[in-house]
There are 2 protein chains.
Amino acid sequence: MDITVVGSVALDSVETPYGKCELELGGAATYFSISASFFTRVNMIGVIGTDFPQEYIQILQSRNINIDGLKQVDGKTFRWSGRYHKDINQRDTLDTQLNVFETFKPTISKEISQVPYLFLGNINPSLQLDVLRQAFPRFTGMDTMNLWIETTPDDLQEVLSRVDILFINDSEARQLSGEENLKKASSEILALGPDVLIIKKGEHGCLLFFEDEETFMLPAYLLENVVDPTGAGDSFAGGFMGYLAYRNSVEPEVLRQATVIGTVIASFTCESFGPRRLLSLTSEEIKKRCYEFIQQTRIQDLPQFPF
Amino acid sequence: MDITVVGSVALDSVETPYGKCELELGGAATYFSISASFFTRVNMIGVIGTDFPQEYIQILQSRNINIDGLKQVDGKTFRWSGRYHKDINQRDTLDTQLNVFETFKPTISKEISQVPYLFLGNINPSLQLDVLRQAFPRFTGMDTMNLWIETTPDDLQEVLSRVDILFINDSEARQLSGEENLKKASSEILALGPDVLIIKKGEHGCLLFFEDEETFMLPAYLLENVVDPTGAGDSFAGGFMGYLAYRNSVEPEVLRQATVIGTVIASFTCESFGPRRLLSLTSEEIKKRCYEFIQQTRIQDLPQFPF
């Protein structure tokens, strides 16, 4: 089944202890789309300015991505720049220029409105609601952030009540729920609407909570060289949602497998600046790392007990 | 097979956001012994003062623990007090009184010197070496801390070259290796001697590294109520080493299963102040949580791929 993603497309300038990049292809919708495109056809809804390099448009077109919904308008593309610490899990935002993204109003064509899987990237909840008024997916995932938790809690709650799955990081889960303990936080958040909650913990992996109190947990894939973690969370969501759309299922076991896929795709994203590693990635490499990761996280036989 | 542990026995005073305890039964050797005693007979080597409550001696005697090597001498027992933050992974040490522990000289009887499994708790590396001169185990595990990495690096390297398995937390692994990346850190540390390295990450689980570059990773068991994490690391080591001794094997699959056991035992420790929860723990509860934890961390079937 196809999937639609609505979110940011950006030009990123990033500095890490291992180097830097300038005006690199970025944005949540970009990382999501490239990651999901390994598994299914992706419809990308976003906005870019006249400064957006033709090369980047060609990169997106060369994948299994429909960019008819990526509007080019007068002005500059959304720009983000950040610097990562020696502890690569910490970063400072140096500059954010919303530019054409400031007046972004997602419009969903009639054709795309019928696409069965939808992902609402991290944008203003009022825009996420706009999309939900125009689209009729069977299954919807979403992301959000501390800014919307603080500034537009009512709209955010309305979106949460209408989606199936929420991707959020651990500090945001604590903020949204007011609970320090993540197990308690998960109950509070599931009560707001989603059937499934994924709490992302960066290098520490992720936690998956189902409505029926079931829990699934995975560490992250252990990388020897993390070059730039930008986009890892969006790649995780892209791999995860792309896998659900490909399997056309949201059964618990498929959700668990999607967590493995998301984790592995996100690990590749961290191996280069921008989406470069994702773009060079082969299907054999994805398979190989998935099998290796599963091997690294499971016991073969149940423990024995002396009692 | 039996196991011997050498380490601290303490009276702990702890404050967490959920309450406090005073002069509670504590110390690395205590948590290790109680945890390991579910799986095998434990010989405890340590020192206590005349203030050590008779009640605590009876608690230890009531388990599968031989306390002939727990010497009572004139003076006060080692005392530690600490306060945990709202983020329960953070703590401040408020007071440390070494007391009789300051002049602790472990002596190993001839009988205990032949015990095949040995665990060197977190004590001065020169004392760990003293033990290794007196004992002839088949398999030795050890713990250490930042203090010894900084102040007695030569003795510590000597111990490391003579043990089979090292338990260490993530910040100590970075400090010992000088590497920020934990995969790189593991290679550096394994080169110092141990065949197996376990990096503990508290609520984020642990990483297991084998000499042949194999890796095993597990999240922590997700608790809804963490009351006091004191002793969790020592309980992990006790469950882990106790399981190896019970299975009388250090095969990779047994080491992986031991990681599950250590994780589960440590999770119970966090559910009360001191070792109270461990002391009320039944074998059925251990089994049940092990099975639940395994269920929460594994996929049933391999993912499918469209390529």
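Refer to the structure presented above.
Residues numbered from 1 in each chain as written. Chains lettered and ligands numbered in written order. Predicted model: local features only at pLDDT ≥ 70, side-chain atom pairs only at ≥ 80, totals over all residues. Heavy atoms only, no water.

Trainee: What am I meant to see in the environment of Ser13(B) here?
Mentor: Residues and elements named next belong to chain B. For Ser 13, the location among the structural elements is in strand β2 (residues 10-16). C-alpha of Ser 13 to C-alpha of Phe 273: the two residues are 260 residues apart in sequence and 9.5 Å apart in space. With sequence-adjacent residues up to four places away left out, Ser 13 is seen in contact with Cys 21, Glu 22, Leu 23, Trp 80, Ser 81 and Gly 82. (Helix = DSSP H or I, 4+ residues; strand = E, 2+ residues; numbered from the N terminus. Contact = heavy atoms within 4.5 Å.)

Trainee: I tried to follow the nonpolar core on my own but got confused; where do I start?
Mentor: A general trend in soluble globular proteins is that nonpolar side chains are found buried together. In terms of nonpolar packing, the biggest core is built from 109 residues, with Phe167(B), Phe240(B), Met241(B) and Leu244(B) touching the most fellow members. Looking at which element gives the most residues to this core, the answer is helix α10 (residues 252-269) of chain B, with nine residues. Beyond its immediate sequence surroundings of up to four residues, Phe240(B) is in contact with Ile165(B), Phe167(B), Ile198(B), Leu208(B), Leu255(B), Ala258(B), Thr259(B) and Gly262(B). If you look at the next biggest cluster of nonpolar residues, it comprises 101 residues, including Phe38(A), Val42(A), Phe236(A) and Val131(B). (Core = buried A, V, L, I, M, F, W, Y, C linked by side-chain atoms within 4.5 Å. Buried < 20%, exposed > 50% of the residue type's maximum accessible area, 1.4 Å probe, protein only.)

Trainee: When you look at the relation of the copies chain A and chain B in this model, what are you seeing that I'm missing?
Mentor: Each of the two chain copies can be brought onto the other by rotation about an axis and movement along it. Turning chain A through 180 degrees and shifting it by 0.0 Å along the axis lays it on chain B, with an RMSD of 0.0 Å. What we have between these two chains is a two-fold relation. With an isologous cut-off of 70% or more, the 100% of interface residues of chain A that recur at the interface of chain B puts this contact in the isologous class. (Least-squares fit on C-alpha atoms with pLDDT ≥ 70 in both.)

Trainee: Could you clarify how one ought to interpret the interface of chain A and chain B in this entry?
Mentor: At the interface, 52 residues of chain A touch 52 residues of chain B. Buried surface at the junction of chain A and chain B, both sides included, amounts to about 5200 Å², of which 61% is carbon and sulfur. For the chain A face of the interface with chain B, the top three residues by lost area are Met217(A), Leu222(A) and Phe307(A), together amounting to 14%. There are two salt bridges connecting chain A and chain B. Among the ionic pairs, Glu180(B) bridges to Lys86(A), the shortest N-O distance being 3.8 Å. Taken together, chain A and chain B are joined by 22 residue pairs in polar contact (both at pLDDT 80 or more). The set of elements that each furnish at least two residues to the side of chain A that touches chain B consists of α8 (182-190), β13 (206-210), β14 (215-218), α9 (232-247), α10 (252-269) and α12 (283-296) of chain A. Top contributing element to the side of chain A that touches chain B by residue count: α12(A), with eight residues. Partitioned by chemical class, the residues of the side of chain A that touches chain B number 27 nonpolar, 10 polar and 15 charged. (Buried area = accessible area lost by both parts, 1.4 Å probe. Salt bridge = Lys/Arg side-chain N within 4 Å of Asp/Glu carboxyl O. Polar contact = N/O pair within 3.5 Å; in protein donor to acceptor, adjacent residues only side chain to side chain. Nonpolar A, V, L, I, M, F, W, Y, C, P; charged D, E, K, R; others polar.)

Remember that the coordinates give geometry; whether it matters functionally is a separate question.
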